[in-house]
2 protein chains.
Amino acid sequence: MASERELTGRLASFFPSHRDLQVGIGDDAAVIRQRHARVVLCCDPVIAGVHFEAGAERSLVGKKAVNRNLSDLAAMGAVADWLLVSLILPPTTSRQDLDALLRGIRSAAVAADCCVVGGDVATSPGPLVVTVSAYGHLPGRALTRSGAKPGNTLHVTGPLGGSIHGHHLRFRPAMAEGVWLAEQRSVTAALDVSDGLLLDLQTMLAASAQNGVAIGAELDASRIPIRPAAHRFNDGNALQHALGDGEDHVLLWAQRAKNALPDGGPLTKRARQPIGRVVQEPGLWLVQDGNRHRLPESGFQHSLSSKQQAPRRVPPKVQ
Amino acid sequence: MASERELTGRLASFFPSHRDLQVGIGDDAAVIRQRHARVVLCCDPVIAGVHFEAGAERSLVGKKAVNRNLSDLAAMGAVADWLLVSLILPPTTSRQDLDALLRGIRSAAVAADCCVVGGDVATSPGPLVVTVSAYGHLPGRALTRSGAKPGNTLHVTGPLGGSIHGHHLRFRPAMAEGVWLAEQRSVTAALDVSDGLLLDLQTMLAASAQNGVAIGAELDASRIPIRPAAHRFNDGNALQHALGDGEDHVLLWAQRAKNALPDGGPLTKRARQPIGRVVQEPGLWLVQDGNRHRLPESGFQHSLSSKQQAPRRVPPKVQ
């Protein structure tokens, strides 16, 4: 089968665009212009053994299924309104497990002030799959992943790495942060960190290339916020985990200058500190202990033993 | 695991309603009141081995995934606008198969004049799953499955039975018929026939019960339109197949009187002929060769050998 990036391109190339489609396949979510609103749509599954350990607590699986999609809406600067839920249950699913799944879905929906309006239940001998479709609206502009420019500083809403130790099931989507960032004209691009900082940063840079001219980014190792769980692998590679693990579901954004954001709002002090900057030179660069070295194209994604890796989407989301 | 009906009830009972939700879980699709429009949402998967034979032509699988959802929109009287597509591919999927799948999805979308605006691709060792979410709007009123009343005549837009012989992959969703029926005030209820005429008719009757008072229906065996493929089982039970096979994806509706519909519109002459009527007496009744006998609650769904049965959803859709 083709690689992740080929599949992504394949999907986007297959489906024609439309004049009412402001943002189509390839960003965190689709944005549709309507006469009186802009609608934001996205759809992501979670699959047992791929996005969560087969034994994971079912209420957390339900939560994750919703929150993955809410994080995509957040990355567009959107507010969530409605959810659809499609459950594919192994025939052995108990009533207790189903209820726990539904409780998790409900609690994540309630926390984001949105509402499950439709659902479908099927059974299949395959793994448990929960597919959520989210439907929201934009209070302001759409925050796309394209638009980053050399000189912009780079920021994340929260710490990174080690998400497999529980965060990937328990994260809170950065809804308020997304809407607030979209209000700030100095923010040029944003996306949800799901595939790992390096991969998602590359995605942003690729989407932001102007007239085919590639751009790059330089990260400051000492400024990357590392989640304490990234140290729990005891491999001395916490930074590597922060750069590559994925499933962080924080927002990564680029802004015009280091101090371009107004006071107030939902960001932490730490998030206002740049973790790096966009540069003219293509490629990814890491400044660490006074040295500047180039990072491999693939980031660190294959440098972890499979045991230590978070359950990985293969290929990652392409919406 | 609980039965289909219990699961349906479970889903509906789990998720609170909302003042903007005109039709929630339990109908073919959800209807949301907005300031300037009413939005219709639905979401249904197709799963290899459940909704299609594992070896089915991939372009037809893509088509079916879209058309199942369009049929749900049609049953609400809605027009399709936007689609999201989530693919879960077995790791062995070839590029050719993926392309065929996408071609099928695209051609069904084009045929209904709607547009795929987002997508996600994941791989999993489980079966191929294509989940489509459809987003549409109501040009007129919402055509719900509740509202049928004793004395109403019952109708279907097309023939029934034997869908496993190809129809379940190749059906055309009754989009024009759905919009037209919603315009007719004499139409009191409608739904998509996916689980089999008897089961879906029971669903309509249950949804149409007023103040807990159950109603019933009487079908005229000689009036049931039987798809030629329903005779191909060579079991002499073509009528049984028409009543129970499912996956017909025609619309079943109830109307105030036999000749209540105006001339013109997309219905066939045959569809204007009643196949039966709603009666006060609870239960399902079949008039055949001058005899009137009661049909079992479960319809004929279990009377076919598993070889002859269409790949069955277990449990059926609950949206």
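Residues numbered from 1 in each chain as written. Chains lettered and ligands numbered in written order. Predicted model: local features only at pLDDT ≥ 70, side-chain atom pairs only at ≥ 80, totals over all residues.

**Some words on the overall build of chain A**
Along the backbone of chain A there are 8 helices and 13 strands. Here chain A has a C-alpha radius of gyration of 19 Å; the compact-globule value for 319 residues is 20 Å, and the two agree. On the principal axes, the C-alpha backbone points of chain A span a range of 55 × 55 × 45 Å. When burial is assessed residue by residue, chain A has 57% of its 319 residues classed as buried. The contacts in chain A between residues at least 6 apart in sequence include a share of 83% that link residues at least 24 apart. (Helix = DSSP H or I, 4+ residues; strand = E, 2+ residues; numbered from the N terminus. Rg over C-alpha atoms; globule rule 2.2 N^0.38 Å. Buried ≥ 20, exposed ≤ 12 C-beta atoms within 10 Å, placed from the backbone. Contact = placed C-beta atoms within 7 Å.)

**Structural notes on the domain arrangement of chain A**
All names here are of chain A. One can read the domain layout of chain A as domain 1 (4-137) and domain 2 (153-295). Taking only C-alpha atoms, the centre of domain 1 and the centre of domain 2 are 23 Å apart. Between domain 1 and domain 2, the residue contacts involve 16 residues of the former and 17 residues of the latter. Sorting elements by how many residues they give to the side of domain 1 that touches domain 2 places helix 2 (residues 58-75) first, with 9 residues. The residue inventory of the side of domain 1 that touches domain 2, partitioned by class, reads 9 nonpolar, 3 polar and 4 charged. (Domains from an automatic or database assignment. Nonpolar A, V, L, I, M, F, W, Y, C, P; charged D, E, K, R; others polar.)

**Describing the sheet that holds strand 9 (residues 216-220) of chain A**
Residues and elements named next belong to chain A. Spatial strand order, 8-10-7-11-9-12-13: 7 strands in an open sheet with mixed pairing. A strand with exactly one partner marks an edge of an open sheet, and here the two such strands are strand 8 (187-192) and strand 13 (291-295). When the angles between neighbouring strand axes are averaged without regard to direction, this sheet yields 25 degrees. Pairing analysis gives 5 bridges linking strand 12 (residues 283-288) to strand 13, with the strands arranged antiparallel. (Pairing = 2+ DSSP bridges. Axes fitted to C-alpha atoms, helices over the stretch in contact; angles between N-to-C directions.)

**Some remarks on the interface of chain A and chain B**
Facing the 55 residues of chain A at the interface are 55 residues of chain B. Counting residues per element, the ones that place at least two in the side of chain A that touches chain B are helix 1 (4-14), strand 2 (30-33), strand 3 (38-47), strand 4 (79-89), helix 3 (95-111), strand 5 (115-123) and strand 6 (129-137) of chain A. Here the side of chain A that touches chain B takes 9 residues from strand 5 of chain A, the largest share from any one element.

**Focus: the environment of Glu218(B)**
Residues and elements named next belong to chain B. Assignment of secondary structure puts Glu-218 in strand 9 (residues 216-220). Among the residues examined, Glu-218 registers 19 C-beta atoms within 10 Å and is labelled partly exposed. The spatial distance from the C-alpha of Glu-218 to the C-alpha of Trp-285 is 4.5 Å, given a sequence separation of 67 residues. Those residues within four positions of Glu-218 in sequence are excluded, and the remaining contacts are Gly-276, Arg-277, Val-279, Trp-285 and Val-287.

**Quick word on the relation of the copies chain A and chain B**
Turning chain A through 180 degrees and shifting it by 0.0 Å along the axis lays it on chain B, with an RMSD of 0.0 Å. Taken together, these values place the two copies in the relation of a two-fold axis. Relative to the rotation axis, the closest C-alpha in chain A is found at Gly126(A), a distance of 2.3 Å. Mapped onto chain B, 100% of the interface residues of chain A again fall at the interface, so both copies present the same surface. (Least-squares fit on C-alpha atoms with pLDDT ≥ 70 in both.)

**A look at the environment of Lys64(B)**
Residue and element names in this part refer to chain B. Within the secondary structure, Lys-64 is located in helix 2 (residues 58-76). In this structure Lys-64 comes out as buried when scored by C-beta crowding, with 26 C-beta atoms within 10 Å. Between the alpha carbons of Lys-64 and His-167 there is a distance of 9.8 Å; along the sequence they are 103 residues apart. Apart from residues no more than four positions distant in its own chain, Lys-64 is found in contact with Val-46, Phe-52, His-168 and Leu-169.

**Considerations on the sheet that holds strand 6 of chain A**
Residue and element names in this part refer to chain A. Strand order in the open sheet formed by 6 strands is 1-2-3-6-4-5, with mixed pairing between adjacent strands. Looking at the sheet topology across the chains shown, the edges are occupied by strand 1 (21-23) and strand 5. The average undirected angle you get between the axes of adjacent strands in this sheet is 20 degrees. Pairing of strand 1 with strand 2, which is carried by 2 bridges, proceeds in the antiparallel orientation. From the neighbouring strand, Leu-21 faces strand 2, where its bridge partner is Ile-32. Helix 2 contacts strand 3, strand 4 and strand 6 of the sheet and is inclined by roughly 145 degrees relative to strand 3.

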